[in-house]
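Now for the letters of each chain:
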Amino acid sequence: MANTLTLNKITSQRGISVGEAAKKIADLGWNPSYVQEAMTYPTDYVIKKTPKDPMKQVLRSYFPMEEEKDNRVYGALDAALRGDMFRNVEPRWIEWMKLFLAIIPFPEISAARSMAMVARLTPGEELRTGFTMQMVDEFRHSTIQMNLKKWYMENYIDPAGFDITEEAFGKCYATTIGRQFGEGFLTGDAITAASIYLTIVAETAFTNTLFVAMPSEAARNGDYALPTVFLSVQSDESRHIGNGHSMLMSMLKEPENHQLLERDMKYAFWQNHAIVDAAIGTFIEYGTTNRDKEKESYAEMWHRWIFEDYYRTYMLPLEKYGVKIHHDDVHEAWKRITEKMYVHTVAQFFAVGWPVNFWRIEAQTDKDFEWFEHKYPGWYAKFGDFWKWYEKLSYPGQKVVTFNEEVGYVYPHRCWSCLVPCLIREDMVVDEIDGKLHTFAHENDRWTAVEAFADEYQGRPTPAMGRFSGKREWETLYHGVDLADAIVDLNFVRSDGKTLIPQPHLRFDDKDMWTLDDVRGHTLLSPLTILREMSDEDREAHLADYRAGFTINPCN
Amino acid sequence: MPATSSSVGSGAAGAAVFADSDSRKYRYFDPRGKRATHYEDVTVDVQPDPERYLIQDWIISFPNGEGAYVKNATEAQSSNWHAFRAPDQEWERTHYQRQSKIESLIQGVIANARKFGVPKTFDKTWAKILQTHLGAWKHAEFGLGTSLMQAQRYGYTQMINNATLTNSSYKLRLSQDITLYLAEIGLEIDGWNDDLGKQTWLDDPIWQGTREMIESIMGSEDYLEQYFATNIVFEPLIGELFRSSFMIQVAAANGDSITPPVISAAEADYERNLANTIDLFHLLVTDEEHAAANKKLFKGWLDKFSALAEKAANGLQPIWSQPHSKPVSFSDAQARAAERFAKITGELGL
Ligand SMILES: [Fe+2]
Ligand SMILES: [Fe+2]
């Protein structure tokens, strides 16, 4: 008897089970009879089947769990400072965090907002608890990332760019891509945005590259802070992925949703690929100083996470429910990442546009070339000379690379759909929306803007679907404006009133830093405006030329 | 290993001196006070605005042409929506710390009370009141939580939406706390019916006025009306009336020492949310351009919801005479609520 009597047994109490607790909490809701809730964010989907809550967690255990995670994060940040992390951190890496962390808190908080939209559309109350926790999680992610950025600003050698972060987010020609991502979570058809684009594709497929691959690369560059924060963020994602899957199962129940589901899976997969791979691929491959050939390249990780895990085990099984899956798109995305060098063309584009960025990009050099050629055969022939030019033109007094015709780079058209430019030149297409000409990076982007984001889809009315709007082509804002004046207008100038925030190098010395005078005298132009002004004949010739590509001149 | 990509072999602040090498504050917004608070740094401008830095405007729109956030999601107007800062300064870390502390406190109270057999000693009538009326009340809190969850989608700035979001989180926590509390003490009390609360909420005439008011708040399409109706009208006139002037005060007199600590966190939650709400509405009623129009609008909301509240409170009256020991009369409780309400509306000049 004495053997089996433990303190635990004496003090433990009969409790209610987790399942029972979740059930009681789901029963907090009721059908209103005095005043109905307004359906303020409409959808064209029909959802009748009550989704199940796979996680069955309640706030009583949720809050302490998250607080404990926070304690670990903030403890690790303190430890990093005590360990003098910044003395050894690679500026090449941290500079890209100026771009990444300018973008990411907005998609995060957008996800919190969008929980309101799905929660109201979802029948039953079970998943409401799941959405509630996701809402608070996303509030966590947004502010914990803002905190990390502030911490970099306070401790990193060059705080410029971090110090204007949310302003820069609204203005920069690169952050526009991230805004497309975040606005996609909360504008348009509520289910398309908050369920398919956000949860079923962005979170389920792409957060591994964002929140797992990025931290590994950060650590290789002496940054132990980002892994601490982002692995903690990622640990909340399984709950969100669960919410998405549960919603998906409810959507599948109604056959009239299948056509929309097919449309949205296609749109969301393609655009997530176009945006997330452009950004994260660039950070990981170009923001690193680590050229260990044993480590996986971004392409290799993509194959493992997106192709094997997501496409094969998540997307493919949807076919047995009768939803058409666009296998070609997945293969095409893979082809873009490998053969067509998508990520590399993006990094090249960011480098060409360095004067209108708000972070520093340094040149890739010999020790990087070998790794790129090893992981992406054919890379050197295509990009080697470009990066040599970039290095050569990184000294003030040189003619800025953006306008230097000796280099041979042709400034690209912007894709009206994903907002990444049309960088794989041969794939560029044009089409009209409401009688206006637009440029697209790929046929799938054209399809997205012209066919998916419209008031009908394959003859079926889709009154809730969103529209692409605003001044989407960033370049139109500064058409005909001197580069120096544009930079002043963007406020990408340091507080001495002349030194640029962006720099094409990592030399931390005033004598090496570019000023407004070094970039004055070049006029920014909008490729789209020019294209629209051409005669039909000239336009055809221009497009043929564009699709034929360009050659970088040898740099000696 | 030193930082190989740095010209000075280090990535640390102060390793080199050059233009802006000491620019260590966010410089794109004006702090409310002399220096930006941590809350401001992690909150301000994360939600963009075409009138501030969003030079391309919203790039996706709803079919009616509106972007992600619009000013007309409320009828209230402001000459500067960005001025508001939540006095509770809540961001993720402080939010989890506070929520987590409350959860462990409540669990500790319940576990201890059960250990000493306290629920078994409850007066039978009182136990019935808990099942019936506290059981019904949890649905009111839940209704406010879901309504605020909806509201946090619409505000024109990050500051407004995050304050609404944390308010929602507090309400939903409370509704779950009450649910689990009742289920747990129910394990100790013979004949406990855990479904009685919901039945009462749905059918008992005592609660129909309250349910009508909650549903009216949930059904509003104006997010600020929801926020206003919750914190300016419902909470002082019904929330505090029931939680403080009934549950907390009457429980002790009937031998219940557990319920007061379980629900008293709600009063502290409310103090914070009230401070946030008053600051926001104070800005709107003193707005240099729209003060008069806003006041008129808010008076309309006040009329609409105080009528509902009066009906709700009158409905609840019989509850005060149900317990054996009656330390507070309904009329005293109501007088206190009226006084509190007058003070709150007085601060806003309504
Ligand atoms: Fe997130
Ligand atoms: Fe998430």
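Residues numbered from 1 in each chain as written. Chains lettered and ligands numbered in written order. Predicted model: local features only at pLDDT ≥ 70, side-chain atom pairs only at ≥ 80, totals over all residues. Heavy atoms only, no water.

1. Here we look at the overall build of chain A
Then, number 1: Looking only at helices and strands, chain A has 23 helices and seven strands in total.
Then, number 2: The C-alpha atoms of chain A give 25 Å as radius of gyration, which agrees with the globular expectation for 556 residues (24 Å, within 12%).
Then, number 3: Looking at chain A as a whole, 65% of its 556 residues are labelled buried.
Then, number 4: In chain A, the share of contacts with a sequence separation of at least 24, taken over all contacts with a separation of at least 6, comes to 78%.
Then, number 5: Accessible surface, chain A: about 18500 Å² in total, of which carbon and sulfur atoms supply 51%. (Helix = DSSP H or I, 4+ residues; strand = E, 2+ residues; numbered from the N terminus. Rg over C-alpha atoms; globule rule 2.2 N^0.38 Å. Buried < 20%, exposed > 50% of the residue type's maximum accessible area, 1.4 Å probe, protein only. Contact = heavy atoms within 4.5 Å. Areas by Shrake-Rupley, 256 points an atom, 1.4 Å probe, with all protein chains shown as cover.)

2. Let's talk about the overall build of chain B
Then, number 1: The number of helices and strands found in chain B is 10 helices and one strand.
Then, number 2: Across chain B, helices and strands are ordered from the amino to the carboxyl terminus as α-β-α-α-α-α-α-α-α-α-α.
Then, number 3: Taken over the C-alpha atoms alone, chain B extends approximately 80 × 55 × 40 Å along its principal axes.
Then, number 4: By residue count, 64% of the 350 residues in chain B fall in the buried class.

3. Here's the deal with unusual backbone geometry
Then, number 1: A positive phi is found at Met341 of chain A, a non-glycine position, where the angle reads about 55 degrees.
Then, number 2: Checked against the element boundaries, Met341 of chain A lands in the loop between α15 (327-337) and α16 (342-352).

4. Focus: the interface of chain A and chain B
Then, number 1: Facing 124 residues of chain A, the contacting portion of chain B comprises 103 residues.
Then, number 2: At the boundary of chain A and chain B, one finds 58 residue pairs in polar contact (both at pLDDT 80 or more).
Then, number 3: The dominant element in the side of chain A that touches chain B, judged by the number of residues it contributes, is helix α7 (residues 126-155) of chain A, at 19 residues.
Then, number 4: In terms of residue class, the side of chain A that touches chain B is built from 58 nonpolar, 28 polar and 38 charged. (Polar contact = N/O pair within 3.5 Å; in protein donor to acceptor, adjacent residues only side chain to side chain. Nonpolar A, V, L, I, M, F, W, Y, C, P; charged D, E, K, R; others polar.)

5. So, the domain arrangement of chain B
All names here are of chain B.
Then, number 1: Assigned domains within chain B: domain 1 (1-68) and domain 2 (92-347).
Then, number 2: The C-alpha-based centres of domain 1 and domain 2 are spaced at 38 Å.
Then, number 3: Of the residues lining the interface, 10 residues belong to domain 1; the matching set on domain 2 comes to nine residues.
Then, number 4: Summing both sides of the interface, domain 1 and domain 2 together bury roughly 780 Å²; the carbon and sulfur share of this comes to 41%.
Then, number 5: Together, Arg32, Thr43 and Gln47 form the three largest contributors to the area buried by domain 1 at its contact with domain 2, with a combined 51%.
Then, number 6: Where domain 1 meets domain 2, there are one salt bridge.
Then, number 7: Two residues, Arg32 and Asp279, come together in a salt bridge whose shortest N-O distance is 3.8 Å.
Then, number 8: Linking domain 1 with domain 2 are five residue pairs in polar contact (both at pLDDT 80 or more).
Then, number 9: Partitioning the side of domain 1 that touches domain 2 into residue classes produces six nonpolar, two polar and two charged. (Domains from an automatic or database assignment. Buried area = accessible area lost by both parts, 1.4 Å probe. Salt bridge = Lys/Arg side-chain N within 4 Å of Asp/Glu carboxyl O.)

6. A few points about the coordination of the iron ion (ligand 2)
All names here are of chain A.
Then, number 1: Protein coordination at the iron ion (ligand 2) comes from Glu138 (OE), Glu203 (OE), Glu237 (OE), Glu237 (OE) and His240 (ND1), with a distance range of 1.9 to 2.7 Å.
Then, number 2: Between the donor residues of the iron ion (ligand 2), the gaps in sequence give the motif E-x64-E-x33-E-x2-H.
Then, number 3: Here the iron ion (ligand 1) and the iron ion (ligand 2) are spaced 3.2 Å from one another, each receiving a donor from Glu138. You can see Glu237 and its partner His240 sitting in helix α12 (residues 237-252), three residues apart, about one turn around the helix.
Then, number 4: By relative accessible area, which is 2% here, Glu237 ends up buried. (Donors = N, O, S within 2.8 Å, 3.2 Å for Na, K, Ca; no water.)

7. Quick notes on the coordination of the iron ion (ligand 1)
Then, number 1: The protein atoms that coordinate the iron ion (ligand 1) are Glu108 of chain A (OE), Glu138 of chain A (OE) and His141 of chain A (ND1), at distances of 2.0 to 2.2 Å.
Then, number 2: We note that the donor set of the iron ion (ligand 1) lies within a single chain, spaced as E-x29-E-x2-H.

8. Observations concerning the packing of α7 of chain A against helix α3 (residues 124-151) of chain B
Then, number 1: It is at 12 Å that the axes of α7 of chain A and α3 of chain B come closest, and there the two elements cross at 55 degrees. One element, α7 of chain A, and the other, α3 of chain B, form an angle in the oblique class. Remark: the crossing between α7 of chain A and α3 of chain B carries left-handed chirality. Contact residues: Arg128, Phe131, Thr132 and Met135 of chain A in α7 of chain A; Phe142, Thr146 and Met149 of chain B in α3 of chain B.
Then, number 2: Residues that form the contact of α7 of chain A with α3 of chain B fall into these classes: four nonpolar, two polar and one charged. (Axes fitted to C-alpha atoms, helices over the stretch in contact; angles between N-to-C directions. Parallel < 35°, antiparallel > 145°, perpendicular 65-115°, else oblique. Left-handed = near helix turned anticlockwise from the far one by under 90°.)

9. Overview of the nonpolar core
Then, number 1: Counting 311 residues, the largest nonpolar core has Phe100 and Trp387 of chain A as the members making the most contacts within it.
Then, number 2: Discounting residues that sit within four places of it in the chain, Phe100 of chain A has contacts with Leu210, Met214, Leu226, Phe230, Ile280 and Phe283 of chain A. (Core = buried A, V, L, I, M, F, W, Y, C linked by side-chain atoms within 4.5 Å.)

10. Examining the packing of aromatic side chains
Then, number 1: Applying the stated rule across the entire model yields 70 aromatic pairs over all chains.
Then, number 2: The interplanar angle of 40 degrees and the centroid separation of 5.9 Å between the aromatic rings of Trp126 of chain B and Phe246 of chain B together place this pair among those described as tilted. Of this pair, Trp126 of chain B sits in helix α3 while Phe246 of chain B is found in helix α7 (residues 223-253), placing the two residues 120 residues apart along the sequence.
Then, number 3: Look at Trp126 of chain B and you get buried, because its relative accessible area is 0%.
Then, number 4: Take Phe246 of chain B: its relative accessible area is 0%, and that puts it in the buried class.
Then, number 5: Arg179 of chain A extends its terminal NZ or CZ atom over the ring of Phe169 of chain A, reaching a point 5.7 Å from the ring centre.
Then, number 6: When the ring centre of Phe18 of chain B is taken as reference, the NZ or CZ atom of Arg360 of chain A above it lies at 5.6 Å. (Phe/Tyr/Trp six-rings, centres within 6.5 Å; stacked < 30°, edge-to-face > 60°. Lys NZ or Arg CZ within 6 Å of the ring centre and 35° of its normal.)

11. What to know about the pattern of salt bridges
Then, number 1: Inspection of every chain in the model, using the stated rule, returns 68 salt bridges over all chains.
Then, number 2: The salt bridge involving Glu362 of chain A is made with Arg92 of chain A; its shortest N-O contact spans 2.7 Å. With Glu362 of chain A in the loop between α16 and α17 (366-375) and Arg92 of chain A in helix α5 (residues 91-103), this pair connects stretches of sequence that are 270 residues apart. One exposure class covers both Glu362 of chain A and Arg92 of chain A, and it is buried.
Then, number 3: Between Asp163 of chain A and Arg27 of chain B there is a salt bridge; the shortest N-O distance is 2.9 Å. Of the two residues, Asp163 of chain A is situated in the loop between α7 and α8 (165-171) and Arg27 of chain B in the segment before α1 (38-43); the pairing between them involves two chains.
Then, number 4: With relative accessibility at 0%, the residue Asp163 of chain A sits in the buried group.

12. Observations concerning the pairing of strand β2 (residues 436-440) of chain A
All names here are of chain A.
Then, number 1: For β2, a buried count of four out of five residues is recorded, marking the element as mostly surrounded by other parts of the structure.
Then, number 2: Where strand β1 (residues 429-433) and β2 come together, five bridges link them in antiparallel fashion. Pairing of Val429 across the sheet is with Phe440, part of β2. (Pairing = 2+ DSSP bridges.)

13. Quick word on the side chain of Asn162 of chain B
Then, number 1: Its place among the elements puts Asn162 of chain B in helix α4 (residues 158-186).
Then, number 2: A distance of 2.7 Å separates polar atoms of two side chains, one belonging to Asn162 of chain B and the other to Arg113 of chain A.

14. Overview of the confidence of the model for chain B
Should pLDDT be low for a region, the predicted coordinates there are not to be read in detail.
Then, number 1: The share of residues in chain B with pLDDT of 70 or more is 100%, and the mean pLDDT across the chain is 97.
Then, number 2: Interface confidence for the predicted complex, expressed as ipTM, amounts to 0.97; the pTM equals 0.96. (pLDDT = per-residue confidence, 0-100.)

15. Let's talk about helix α18 (residues 379-392) of chain A
Residue and element names in this part refer to chain A.
Then, number 1: With 14 residues, α18 should cover 20 Å at 1.5 Å per step; its first-to-last C-alpha distance of 19 Å lies within 8% of that length.
Then, number 2: Inspection of α18 places Trp379, Phe383, Gly384, Phe386, Trp387, Trp389 and Tyr390 among the buried residues, and these make up the whole buried set.
Then, number 3: In this structure, the buried side of α18 is in contact with α13 (258-286), α16 and α17. (Expected span 1.5 Å × (residues − 1).)

16. Describing the packing of α16 of chain A against α18 of chain A
All names here are of chain A.
Then, number 1: Where α16 meets α18, the closest approach of the two axes is 11 Å, and the angle between their N-to-C directions is 15 degrees. If you check the angle between α16 and α18, you find them roughly parallel. The chirality of how α16 crosses α18 is left-handed. Counted together, His344, Thr345, Ala347, Gln348, Ala351 and Val352 of α16 and Trp379, Phe383, Phe386, Trp387 and Tyr390 of α18 form the full contact between these two elements.
Then, number 2: Among the residues forming the contact of α16 with α18, the class breakdown is eight nonpolar, three polar and no charged.

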